[in-house]
Each structure stands twice: as structure tokens, then as C-alpha cells.
Amino acid sequence: MTRRSLLRSIGVAGGAGAMFESMRALGLVASPQALAVPDFREPRAGDLAAANRGKTVVILGAGVAGLTAAYELGKAGYRCVVLEAKDRVGGRVWTVRSGTTETDLDGHTQTARFSKEPGSYLNAGAARIPQSHITLDYCRELGVPLEPLLAHNANNLIHGEGSDAQQYRTVKADYQGYVSELLSKAVDQGALDAELTADDKEALLTFLSYYGDIGDKNSGFAYTGSSRRGYEVEPGAADQEGVPLGPPPSLSEVLSSRLGRYLSFESRYTHAMTLLQPVGGMDAITNALHEAAKRTGAEVVTGAPVSEVRNTDAGVDVVYRGPGGKDTRISGDFCVATLPPNVMAKIPTNLDSRVTSALRFPEAFSAGKIGLEYDRRWWELDERIYGGITMTDLDVLNIWYPSHGFHTDRGVVVGYYTEGPYSEAYSRLTPVERERRALAQGAKIHGEKYRQGVQASFSVSWERTPHIEGGWVHWPSRDSGEYDLLNKPAGNVYFAGDWLSHFIAWQAGAIDSARYVVTALHDRVRNS
């Protein structure tokens, strides 16, 4: 009996619910349990024997990983001291608002001049949360309100050099239509007879007729376009039936535009709908973690860059620059280092040389953003774009429209979200030059209005940001030993961060890594 016939029989006997659960058991549907982080045991008061209570853990970095570790360890009564080099918590979870000031490694100082309206902000780092990520469980636990992030929008634009910007819906309709036409012809002409049964062919042709909105066999399965491409004149009252766009470009023109490569964006696991964001800015998460950690007794010290880390017979010694620039030494039983590996590698330690070499192995990756605040929401008023991301092969790569504050007076557009060589090119510019270039590039898509009405801008180059020095890291290999080594304690020093997970550049990766370390450290103390 085939799985198909088995499932059909189960469906007849037990209904759709029984069939769905059977599909899940056969591994044909994702199980909710598969989304949980395995082997994490939440530390609790009373876990430890009296002799092991009150251990001190010095945590380096008050980003997502550091704050999560402090919060979870604090639940079991550990004394956590979090040392953060910057004057704020959050790390790469950074929401820029009116008055935010930052000086980069090149000496460029910016102060955000955004309006003081609640919706006028730039999420300079983390900006979206997939619905499958554990980040949402912490938002629920900590009471962080959420709202949708509209990454996918049929009215967004796709732009390539040498071609006019087109709506996402138009590009998608043309590619689906022509691919469906070609595949239908191949099926009908018997090109796939070795792969398909007669029933399969009929089912596939039926699917393609709907998927591509194409004609029937009598028309040669021709794709001629339809209202899926959009309208030149919208349907309206009385005799205004609407005028669809069309006819579509030729197959050759569609393929040569190469715009179809952007359609895969919505299919990525971490970018699929529904994406979410905290109301009022992503730093609501790290602010909530900070407050929760403090409630468990954690001490969070900002403006405290670490200058030395040493394993000792009794635990660890950490030296940091305290108030007035004076070196301060703190001793603890353990250290959890959540700094970026390229930053941690520069700190003097007595760790094994293999560990320090491993910290230098992952490569820092460049990334940057610019926020442009306009005095009118022209993307809504003129182009009826409500949220979403325009994709382009220009050096700005992406233009993000805000998913909040609809119909208010102002709004902050992410004028570029760059990475790799494009980001490196922008990072070499001054903030004024970055704005000028971003506006010139955006005008190629939206026209001259893109340069008009800009009230303020703020740009971030993560590799030029002190104490962070990179957007995220890339592992040349996870199989050469360095990754595994850093996921183990180096004496009394543990490492954590998104870079030690398979969700690099996501808050979920930092949380998962912190929970992994918390479990390992807590089990070590419990069993000592």
C-alpha cells in the first residue's frame, strides 16, 4: 500500500484531523515539538545543594545572549554580573531614535534628528522575527507586545539595472505564467512520460492551469497575462470594469530581466510569512530581558569594556575599565563570554592557544543600514505601498517601508540594508555621503520624490561600530574543529552567541546558544 492510499483510507475513516496527525507521524508535516530547543532545562531555585548556591558568573556582553544567560541563571540563584562595553544594552539589537548619538571607529559622530513620534525609529540591527523562532516565546514570557512586519507585499517593487522597476505581483505572475506554459507543453507532448503516470499528468496540468493562469490545450497552454499582473486602471463603479496591465513581455524578455531570482526571498524558511516585530522598536526585547535579569538579582554594568580574562584555580578573574577609566578586577566562579569572536580574540587571556586561534577563525561580515525620515509618507500616498521590501540589484540592495504608523504624517524608510562588499563601500563614506548616495540610488526606482522631503537620516556601519566590529560572522568551516571547541568550556570560561549556533545573525541563535551554555554550566554545578 502506498502512503497516498494509506492516508486516503485514514482520512475516510477518521476525518481530516486523523489524516493530518498521521501525516505528521510520517514526517510529512512539521511537528511543533521539532521547533523546541532540545535539552534545555530551565534553572530554578532549589536546584542546587546549599554548598553550591550563590556562585558568581561574570558575563561579558549585554546583548541577547548575555542577557538571556543572566536571566536564566538568575532564576536558580546565581549571582550574575554583566559587563557591557557600550553605554547601552542590546548589542546588535539597537533601535535608533531621536537623540541617539554614536561615534564610529573613524571618528564620525551622528546624532539622530528623527521626530519624537513613537513610530520614528530605525532598527539598526535585528529587525524581524520569524514566527518559528524561540524569540517569540521570550516575548510572551516577558510581556513584549508584537505586531506584524510586512516583509512581503505585492505592491513592492523589483528593480534591476537596465530594466524598469516592476511590481512584485507583476514579476511573479509573468514567471509563474511562462514556467507553467513551458511545463504544460512538455507534459502534453510526452516529455515527462517516464516520470508521470496518466493520473499524475492530469493532476499536474490542472495545477499548472491555476498556478500560472494559462490557457487550455486548445490555446497551446499560452500565457497571455491577466489581472494578476496588476491594473493600469483599477476596477470601479458603474461601467469602470478596470484595465489590466498587459500584454506581458515575451518569454525571452522576462528571462533576460533576471528579476525572477528575487522571488525566492519569500520561500526562505526564516523569511516566510508571518514575520513579527515588537511594537515601538526591537530594543523592547533586550530592555525587557535587562529588567527581567535585574529582577533575578543580576548586576548590569554599562560603559565597562573588558581588558583581561583569566582562568584561575578558584574560577575566573576579569578586569574591566570602570568609572573614571580605572581598572577594576572582579572574581567569579565562571565566565560566559558573549562578545563577537573577533572582539573576544583581542582581549588578553591565559586561555589555551587553540581556543584563541579558534576565536580568530570565523570571519566578521560587513553589514549596514540607513534610516531616512520623510515629512510625508509618499510610498503610501503616491504608490499605495503599505510595508514590505523593494528588492534591487543596485548597491542599496533593499528598501524597507515601515510596517507601522500607517496614515501618520512621517515615516522612516530603510534606504539601504547592505552586506558584504556593498556594505564595505558604504562604510568607507561619511554619513553625509552615505545619505547622498542612498538617495541617488533610490531615485532610480522611485523618481525624484525620493530625494525630497528628507527630514533626517542615520546610518550604521556595523564593522565600524566600536566593541562590535561586524554585522555577523561567517564560518569558513564548521567541521575543522574550531566550532566544536568553542561550544565547550575553556576551563571556567564558556562562550555563547548567535555565532555558535545555526541561526547566525538571528536573535534566536543567541538565545539558543545562551540556553545551551546555561544548561551545561548549571549541570556542572549541580553535579560538583
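Rules of the game
- Residues numbered from 1 in each chain as written.
- Predicted model: local features only at pLDDT ≥ 70, side-chain atom pairs only at ≥ 80, totals over all residues.
- Heavy atoms only, no water.
- Helix = DSSP H or I, 4+ residues; strand = E, 2+ residues; numbered from the N terminus.
- Buried < 20%, exposed > 50% of the residue type's maximum accessible area, 1.4 Å probe, protein only.
- Domains from an automatic or database assignment.
- Buried area = accessible area lost by both parts, 1.4 Å probe.
- Salt bridge = Lys/Arg side-chain N within 4 Å of Asp/Glu carboxyl O.
- Arc of directions from axis to C-beta.
- Contact = heavy atoms within 4.5 Å.
- Pairing = 2+ DSSP bridges.
- Axes fitted to C-alpha atoms, helices over the stretch in contact; angles between N-to-C directions.
- 1 Å grid on protein atoms, 1.4 Å probe; cavity = no way out; pocket = protein on both sides within 12 Å on 5 of 7 lines; lining within 4 Å.
- Points joined across faces, edges and corners; volume = space filled by probe spheres on them.
- Nonpolar A, V, L, I, M, F, W, Y, C, P; charged D, E, K, R; others polar.
- UniProt positions renumbered as here; feature names shortened; annotations may be inferred.
- Expected span 1.5 Å × (residues − 1).
- Parallel < 35°, antiparallel > 145°, perpendicular 65-115°, else oblique.
- Left-handed = near helix turned anticlockwise from the far one by under 90°.
- Phe/Tyr/Trp six-rings, centres within 6.5 Å; stacked < 30°, edge-to-face > 60°.
- Lys NZ or Arg CZ within 6 Å of the ring centre and 35° of its normal.

**Quick look at unusual backbone geometry**
Reasoning step 1: In the segment running from Gly246 into Pro247, the intervening peptide bond is cis, with an omega of -10°.
Reasoning step 2: Residue placement: Pro247 occurs in the loop between strand 12 (243-244) and helix 6 (251-257).
Reasoning step 3: Geometrically, the link from Met273 to Thr274 is a cis peptide bond, its omega value of 5° lying close to zero.
Reasoning step 4: Relative to the helices and strands, Thr274 resides in the loop between helix 6 and strand 13 (275-278).
Reasoning step 5: In this structure, Asp213 is a non-glycine residue whose phi angle is positive, near 55°.
Reasoning step 6: Considering the arrangement of structural elements, one finds Asp213 in the loop between helix 5 (198-211) and strand 11 (231-233).
Reasoning step 7: Classification of Asp213 as partly exposed rests on a relative accessible area of 29%.
Reasoning step 8: Positive phi, normally seen in glycine, also occurs at Arg258, with a value near 60°.
Reasoning step 9: Residue class for Arg258 comes out exposed when judged on its relative accessible area of 59%.

**Some thoughts on the domain arrangement of the chain**
Reasoning step 1: Split into domains, the chain comes out as domain 1 (55-90 + 298-361 + 478-527), domain 2 (95-157 + 273-282 + 365-464) and domain 3 (168-257).
Reasoning step 2: Taking the mean C-alpha position of each, domain 1 and domain 2 sit 31 Å from one another.
Reasoning step 3: Of all residues in domain 1, Tyr71, Trp506 and Gln507 bury the most surface against domain 2, accounting for 47% of the area lost on that side.
Reasoning step 4: Counting across the domain 1 and domain 2 interface gives 2 salt bridges.

**Description of helix 3 (residues 135-142)**
Reasoning step 1: Those residues of helix 3 lying buried are Thr135, Leu136, Tyr138, Cys139 and Leu142. Around the axis of helix 3, the buried residues are gathered within 160° of arc, so they sit on the same side.
Reasoning step 2: On the buried face of helix 3, the contacting elements are helix 2 (64-74), strand 7 (129-130), strand 8 (146-149), strand 13, helix 7 (283-295) and helix 14 (507-526).
Reasoning step 3: Of the residues one or two after helix 3, Gly143 is the one with positive phi, at around 75°.

**Structural notes on the pairing of strand 13**
Reasoning step 1: Covered by surrounding structure in strand 13 are Leu275 and Gln277 together with Leu276 and Pro278, the residues of both alternating faces.
Reasoning step 2: Sheet topology places strand 7 next to strand 13; 2 bridges connect them, and they run antiparallel. Paired with Ile129 across the strands is Leu276, a residue of strand 13.
Reasoning step 3: Where strand 8 and strand 13 come together, 4 bridges link them in antiparallel fashion. In the strand pairing of strand 13, Leu149 is matched with Leu275.

**Things to note about the sheet that holds strand 16 (residues 316-321)**
Reasoning step 1: A sheet is described by the order of its strands in space; here 3 strands give the open sequence 15-16-17, paired in antiparallel fashion. Of all the strands in the sheet, just strand 15 (306-311) and strand 17 (327-332) have a single pairing partner and so form its edges. Strand-to-strand, the axes of this sheet are offset by a mean angle of 15°, without reference to chain direction.
Reasoning step 2: Judged from the 5 bridges that link them, strand 15 and strand 16 form a sheet pairing that is antiparallel. Note that in strand 16 the partner of Val306 across the bridge is Tyr320.

**What to know about empty space enclosed by the protein**
Reasoning step 1: Taken as a whole and assessed by the stated rule, the structure comprises 4 cavities of 30 Å³ or more.
Reasoning step 2: In this structure, the largest cavity occupies an estimated 200 Å³ of space.
Reasoning step 3: If you go around the largest cavity, you meet 18 residues; those closest to its centre are Gln277, Trp400, Pro402, His404 and Val414.
Reasoning step 4: For the lining of the largest cavity, the secondary structure elements donating two or more residues are strand 6 (122-123), strand 21 (388-392), strand 22 (398-401) and strand 23 (411-419).
Reasoning step 5: Of the residues that constitute the lining of the largest cavity, the class distribution is 12 nonpolar, 5 polar and 1 charged.

**Points about the UniProt feature "domain: Amine oxidase" (unreviewed entry) in the chain**
Reasoning step 1: Under the present numbering, the feature "domain: Amine oxidase" (unreviewed entry) in UniProt falls on residues 64-520.
Reasoning step 2: Annotated as residues 64-520, this span is 29% helix and 23% strand, and its ends, taken at the C-alpha atoms, are 18 Å apart.

**Some remarks on helix 14**
Reasoning step 1: The end-to-end C-alpha distance of helix 14, which contains 20 residues, comes to 28 Å, matching closely the 28 Å that a straight helix rising 1.5 Å per residue would cover.
Reasoning step 2: Counting buried positions along helix 14 gives 15 out of 20 residues, so the element sits mostly inside the fold.

**Notes on the sheet that holds strand 8**
Reasoning step 1: Spatially, 7-13-8 is the arrangement adopted by the 3 strands of the open sheet, whose pairing is antiparallel. Each end of this open sheet is capped by a strand with a single partner; those strands are strand 7 and strand 8.

**Thoughts on the packing of helix 3 against helix 7**
Reasoning step 1: Remark: helix 3 packs on helix 7, axes separated minimally by 10 Å, with the N-to-C direction vectors making an angle of 55°. When the interaxial angle is binned, helix 3 and helix 7 end up oblique. Of the two possible hands of crossing, helix 3 and helix 7 adopt the one that is left-handed. Facing Thr135, Tyr138, Cys139 and Leu142 of helix 3, the residues of helix 7 in contact are Ile285, Ala288, Leu289 and Ala292.
Reasoning step 2: When the residues that make up the contact of helix 3 with helix 7 are grouped by side-chain class, the tally is 7 nonpolar, 1 polar and no charged.

**Section: the pattern of salt bridges**
Reasoning step 1: Across all of its chains, the model carries 27 salt bridges by this definition.
Reasoning step 2: One salt bridge in this structure joins Arg92 and Asp498, with 2.4 Å as the shortest N-O distance. Of this pair, Arg92 sits in the loop between strand 2 (79-83) and strand 3 (95-96) while Asp498 sits in the loop between strand 26 (493-495) and helix 14, placing them 406 residues apart in sequence.
Reasoning step 3: Overall, the relative accessible area of 3% leaves Asp498 in the buried class.

**With respect to the packing of aromatic side chains**
Reasoning step 1: Within the structure shown, the criterion is met by 16 aromatic pairs.
Reasoning step 2: Consider the rings of Phe207 and Tyr211, whose centres lie 5.1 Å apart with planes at 25°: the pair is stacked. Pair noted here: Phe207 and Tyr211 are both in helix 5, with a separation of 4 residues, about one helical turn.
Reasoning step 3: Phe207 sits in the partly exposed class, given a relative accessible area of 45%.
Reasoning step 4: Taking the centre distance of 5.6 Å and the plane angle of 85° together, the rings of Tyr374 and Trp378 count as edge-to-face. In this structure, Tyr374 and Trp378 share a single accessibility class: buried.
Reasoning step 5: Connected via pairs of aromatic rings, a cluster forms that spans Tyr374, Trp378, Trp379 and Tyr450.
Reasoning step 6: The residue whose ring lies beneath Lys369 is Trp400, and the NZ or CZ to ring-centre distance is 5.2 Å.

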